[in-house]
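These are the residues of each chain, in order.
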Amino acid sequence: MLMIDTHMMNDTREICQELQDTYAQLTNLLVFVTNHEGQLITAPSNIDDASVFDKYGSELQNMFKTEIDKLQGIRHTILSDQWVPGVKWLIAPVSVDQSDTGMYVWGGILIQQGTLQSIITHPNYLQPESGAPADFIELMRSWIQNTGEISPDQEIFKREKITKFAKALSLILKSSFKENRLTQRLNALNETLITDQNIGNPIEEITRAVLASSDLADVFGFALKTAPGKYTIMNSMGMNSGTLGGSIFHEGEGFLGQAVLSPQPSRWRDISRDPRNHFFQQKGLDSVYEVQCFPIRYENEVYGLLFGLSFKERSTPSINPQFEETMISLMGWYIGNHITYEKMEKQLQRFKPLIELSRMIISVQDIQRVMFMLVDMSLNLVWNPSASIVVHRSSEDGKIQMVARGMQSPKGETYAKDIARRYLDNSDKPGASSFINSSTPFSLMLEYPIVYADRTRAVLCVAVSNEQEGEECREILSALAMMGSVVMKSVHDRQQYLSNSNRFAHILHEAIREWNVAHYQLTADAQKIVQEFAMWGGIIKEEAEVIGRACLMSCTDPSMLRSFPHLFQQEAEMIEDYKHIQDDQSILGTGSYSKGGQIMALAFAIATAGDHDMRVVNDLQINGVDQGLVSQFRLFVLSRHTLQTEINLVEEKAPATKTLTAEGAEGRGLDAIVKQFGLSPREKEVLELVVKASSNKEIAATLFISEHTVKNHLTNIFNKMGVTDRAQAIAAVFNKSIG
Amino acid sequence: MVAESDVITLQMECTLFFENNPYAIETSSGLSKRLGRSQQVTEQALNRLAEMSILEKNGQGMRAIYRYKAPYIQTEVDLNAYD
């Protein structure tokens, strides 16, 4: 309860004083205004010397207070002669904030016609033992003596006027009180919201702060949707409200459940006998009289509910219910907005990495690798990761391939078969929409068919903890599945392309055999050399595929090859370049032709000369081919030639028992190198694999170390051996073995 | 304070790193240098991946080492042999 005199503004006080003085003059009465504690709020009117009030402030306050205590609950103006029998005062209550406590107007003194003589001759007339200070008794005596007797009509007139003054005062103060209360409420709200902006308070704290300063209800609660159709009371405040926290209600159930279905605020009054009140009675809130509910919504989605409960005994209804209702409705909108923002933020936090991922995943050219990525990335993207599986139909013969994390055989396998039955068996009718499946051996699964080339080829399935989470993750996982579709289609198309390219290239190659067997053999040898060059580490496998096809079709007209839509464009260019180099028409200069064309020229040169002619290797110099490439090729042929030589040597020694490979060279060459340069056992193992033409990745896999470690070992080996690359290292090993 | 999207991006980067280098064994310090990110965020991302069982974590704190845990793979599941 606010003190009246503290919220009474100066300008309001002046108006009240002016009004009081005017009514005092009109009624010719002494007029005071006190609060319910007996304190004077304004200066007394119609009193010449008011110094006595300053002098005896506390004594007079006690006098007024004693009188007020006897008058508790008065609603109308009354007459009282408590202090001096027959000497009456009009006492009018001034209602300010609809509570019992307020202010009082005192108007006096009134002496009825024919009673003055009996008053002043009364034996106890103004005796000091009355408790009043002597000065005040003297003042009172002078007031009585100066006051004339009044008629009943005059008494009625004075009573009416004092009553009207009290009413006028009430209106002025109520307005002032409301304005003051509103200012305080707005200040409190402002402070809360500014704090929110500055330190980012959790939404629950903001709600608590806003509701705690509201006087719309006795108890407030804040419920959030925790699953579709299910709401949990997250927060409650007010007397005996502790039991509400954590309570659950469902849509359509009780007052709260019905309120979430309504787009507007809902209110129920006098609910004590309503069966729906049972929900609150169970929580120990027996005397709920009124329920007010404000849905938390944003656009068409309900996120929760703010509600207020008022008890029967609540005696001070809200000062400004319309304002409070509007404020709490706005609060509901604010929370809804905030929740939407948080959800969008959560999605955005994952979309940004997903975009990054799309840049990396697009270059993957292996279905199993794509499946790995989909499984691992889906776990990265869901809120509470637990399990993920991708099922892919790897062939047309009823076989499937699965990659799973968080689920093991046989459950995973059973589920994969179920997925295949439901999605991949009917692959003629692809379905691209996701599906929440609750009847799995695991938790809830979100299933995304991955469709490309007009069929459902794979399914991405991700476990979620509940339907709500499923709804929230649906979009982001859909984007991931879509990305998977695009990449798998790309891999599929590439495989189709390679399959078609290889098939056509071999058909064209076979056709050559009919009219030029020697050239047929030569092109086949050149292709083999290119493949070996790739195995040796000179070029990547994919590059070797294209160059190899170009070798096979080298006598075909490039313009004819270009007529195949989407096929052989690279091969045609390589063949053209190769022919220019071969015809010694390398007008573009050394190294200006495509790398493929140059490698073809080198491969054909070696294939034409035959493997045993080392002079070709030493004199390898083709106009139009880059010198670096020639050197690289020379090393490759040298290692190839050295191996062949070793085979021959050993065959001569033990022709019937040994088949030689690089291991043969290892016996002398590798050991000699290890001994000569002081290589560690691990470095020996790495070098041994290098000699076997293993890539860094393959060495890492074989030795169970990272590629980074392989590179470190290689750097150390090269430093110790005084070579700059693996080709020189291999050559050194084989040279040792020969020497 | 590190943005959640940055941690998730790093999680994905780490996942891809270990997928590309399935035999790599790294500490948060080593990986943070490789990826050019702060060790604190890298450690946070690696620990999350360990919680998801994408990585295996051995040891604690700065000395913890992480390695890729290959997913469960089953190829050539015969659909004709329905359960």
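Keep in mind that this is a model prediction, so the values were computed, not measured.

This paragraph deals with the overall build of chain B. Across its full length, chain B holds 3 helices and 4 strands. Within chain B, buried positions represent 29% of all 83 residues. Considering only contacts in chain B between residues 6 or more positions apart, those separated by 24 or more positions represent 48%.

Secondary structure summary: chain A contains 26 helices and 15 strands in total. With 739 residues in all, chain A has 34% of them scored as buried. Taking as baseline every contact in chain A between residues at least 6 positions apart, the subset at least 24 positions apart corresponds to 59%.

Low pLDDT marks regions whose predicted coordinates should not be analysed in detail. Mean pLDDT for chain B: 85, with 89% of residues reaching 70 or above. Scored as a whole, the predicted complex attains pTM 0.58, and scored at its interfaces, ipTM 0.91.

Before going further, it helps to examine the interface of chain B and chain A. Across the boundary between the two partners, chain B contributes 28 residues, which contact 40 residues of chain A. Of all the elements in the fold, those that place two or more residues in the side of chain B that touches chain A are helix 1 (4-20) and strand 4 (72-78) of chain B. For the side of chain B that touches chain A, the class distribution of residues is 14 nonpolar, 9 polar and 5 charged.

Time to look at the nonpolar core. A general feature of soluble globular proteins is that nonpolar side chains tend to end up buried together. All names here are of chain A. Counting residues in each nonpolar core, the largest one holds 64 residues, and the members touching the most others are Ile389, Val390, Val391 and Leu477. Of all the elements, helix 12 (residues 367-381) adds the most residues to this core, at 10 residues. If we skip the residues at most four places from it in the chain, Ile389 touches Val375, Met402, Ala404, Met407, Gly412, Tyr415, Ala416 and Cys461. In terms of nonpolar packing, the next biggest core, distinct from the first, is built from 35 residues, Leu552, Ile575, Tyr578 and Leu602 among them.

Our next topic: the pairing of strand 10 (residues 301-311) of chain A. Residue and element names in this part refer to chain A. With 8 of 11 residues buried, strand 10 is to be regarded as a mostly interior element. Strand direction decides the pairing type here: strand 5 (residues 219-227) and strand 10, joined by 6 bridges, are antiparallel. In the sheet register, Phe220 faces strand 10, and the bridge partner there is Gly308. As judged from the 10 bridges shared by strand 9 (residues 288-298) and strand 10, these two strands associate in the antiparallel manner. Bridge pairing in strand 10 places Glu290 opposite Ser310. The hairpin formed by strand 9 and strand 10 contains 2 residues between the paired strands, and Glu299 there has a positive phi angle of roughly 55°.

Here we come to the confidence of the model for chain A. Residues and elements named next belong to chain A. Averaged over every residue, the pLDDT of chain A is 79; residues scoring 70 or more account for 86%. Confidence, expressed as mean pLDDT per element, reaches its minimum in chain A at helix 1 (residues 4-7) with 50 and its maximum at strand 7 (residues 248-250) with 93. Contacts for the low-pLDDT stretch residues 645-666, under 50 throughout, to residues beyond four places or in other chains number 19 contacts.

Quick look at the sheet that holds strand 3 (residues 87-94) of chain A now. Think of a sheet as strands paired side by side through backbone hydrogen bonds, with each pair either parallel or antiparallel. All names here are of chain A. The antiparallel open sheet is built from 4 strands, whose spatial order is 1-4-3-2. Both edges of this open sheet fall to strand 1 (30-35) and strand 2 (78-84), since each of them pairs with a single strand only. Each strand of the sheet is rotated relative to its neighbour by a mean of 30°, with strand direction disregarded. Across 6 bridges, the pairing between strand 1 and strand 4 (residues 103-110) is antiparallel. Of the residues in strand 4, the one forming a bridge with Val33 is Val105.

Residue and element names in this part refer to chain A. Within the secondary structure layout, Leu244 lies in the loop between strand 6 (230-238) and strand 7. Each C-alpha atom of the pair Leu244 and Leu285 lies 9.1 Å from the other, and the pair is 41 residues apart in sequence. Sequence-distant contacts of Leu244, defined by excluding residues within four places in its chain, comprise Gly221, Ile233, Ser236 and Lys283.

Bringing helix 13 (residues 411-424) of chain A into the picture now. In this model helix 13 of chain A runs 19 Å from its N-terminal to its C-terminal C-alpha over 14 residues, within 8% of the 20 Å that 1.5 Å per residue would give. Those residues of helix 13 of chain A not exposed but buried are Gly412(A), Tyr415(A), Ala416(A), Lys417(A), Ile419(A), Ala420(A), Tyr423(A) and Leu424(A).

The next thing to look at is helix 2 (residues 28-35) of chain B. Residues and elements named next belong to chain B. Of the positions making up helix 2, those classed as buried are Ser28, Leu31 and Ser32. The arc enclosing the buried residues of helix 2, seen along the axis, measures out at 105°, which places them on a common side. Lining the buried residues of helix 2 we find helix 1, strand 1 (25-27) and helix 3 (39-51). Two residues or fewer after helix 2 comes Gly36, characterised by a positive phi angle close to 70°.

Moving on to the environment of Val370(A). Residue and element names in this part refer to chain A. Along the chain, Val370 turns up in helix 12. On a C-alpha basis, the gap between Val370 and Gly484 in space is 7.1 Å, while along the polypeptide they are 114 residues apart. Sequence-distant contacts of Val370, defined by excluding residues within four places in its chain, comprise Ile361, Val364, Gly484, Val487, Met488 and Val491.

Now for the sheet that holds strand 2 (residues 55-58) of chain B. All names here are of chain B. Taken in spatial order, the 3 strands line up as 1-3-2 in an open sheet, and their pairing is antiparallel. Edge strands, defined here as strands with exactly one partner in the open sheet, are strand 1 and strand 2. Along the sheet, successive strands turn relative to each other by an average axial angle of 30°, direction set aside. With 3 bridges joining them, strand 1 and strand 3 (residues 65-68) adopt antiparallel strand pairing. Along strand 3, the bridge assignment pairs Glu26 with Tyr66.

A word on the environment of Arg562(A). Residues and elements named next belong to chain A. Relative to the elements of secondary structure, Arg562 occurs in helix 17 (residues 558-562). By the C-beta count within 10 Å, which is 15 here, Arg562 ends up partly exposed. As a C-alpha pair, Arg562 and Ala572 span 10 residues in sequence and 6.4 Å in three-dimensional space.

With that settled, the discussion passes to unusual backbone geometry. Of note, the bond from Gly108(A) into Ile109(A) is cis; its omega dihedral lies within 30 degrees of zero at -5°. Residue Asn28(A) is not a glycine yet carries a positive backbone phi of 55°. The class for Asn28(A) is exposed, based on 12 C-beta atoms found within 10 Å. One non-glycine residue with positive phi stands out, namely Ser53(B), at about 70°. As for its placement among the helices and strands, Ser53(B) is situated in the loop between helix 3 and strand 2.

Each packed pair of helices is defined by two parameters, the angle between the axes and the distance between the axes. All names here are of chain A. Where helix 18 (residues 569-582) meets helix 19 (residues 595-609), the closest approach of the two axes is 7 Å, and the angle between their N-to-C directions is 55°. Between helix 18 and helix 19, the crossing angle belongs to the class labelled oblique. Where helix 18 crosses over helix 19, the handedness of that crossing is right-handed. Facing helix 18, whose interface residues are Gln570, Met574, Asp577, Tyr578, Ile581 and Gln582, helix 19 presents Gly596, Gly597, Gln598, Met600 and Ala601. A class-by-class count of the residues in the contact of helix 18 with helix 19 yields 5 nonpolar, 5 polar and 1 charged.

Next up on the list: the packing of helix 14 (residues 467-515) of chain A against helix 16 (residues 541-552) of chain A. All names here are of chain A. It is at 9 Å that the axes of helix 14 and helix 16 come closest, and there the two elements cross at 25°. With respect to each other, helix 14 and helix 16 are oriented roughly parallel. Seen from above, helix 14 lies across helix 16 with left-handed handedness. For the pair helix 14 and helix 16, the contacting residues are Leu498, Ser501, Asn502, Ala505, His506 and His509 in the first and Glu545, Arg549 and Leu552 in the second. Residues that form the contact of helix 14 with helix 16 fall into these classes: 3 nonpolar, 4 polar and 2 charged.

About the criteria used
- Residues numbered from 1 in each chain as written.
- Chains lettered and ligands numbered in written order.
- Predicted model: local features only at pLDDT ≥ 70, side-chain atom pairs only at ≥ 80, totals over all residues.
- Helix = DSSP H or I, 4+ residues; strand = E, 2+ residues; numbered from the N terminus.
- Buried ≥ 20, exposed ≤ 12 C-beta atoms within 10 Å, placed from the backbone.
- Contact = placed C-beta atoms within 7 Å.
- pLDDT = per-residue confidence, 0-100.
- Nonpolar A, V, L, I, M, F, W, Y, C, P; charged D, E, K, R; others polar.
- Core = buried A, V, L, I, M, F, W, Y, C linked by C-beta atoms within 7 Å.
- Pairing = 2+ DSSP bridges.
- Axes fitted to C-alpha atoms, helices over the stretch in contact; angles between N-to-C directions.
- Expected span 1.5 Å × (residues − 1).
- Arc of directions from axis to C-beta.
- Parallel < 35°, antiparallel > 145°, perpendicular 65-115°, else oblique.
- Left-handed = near helix turned anticlockwise from the far one by under 90°.

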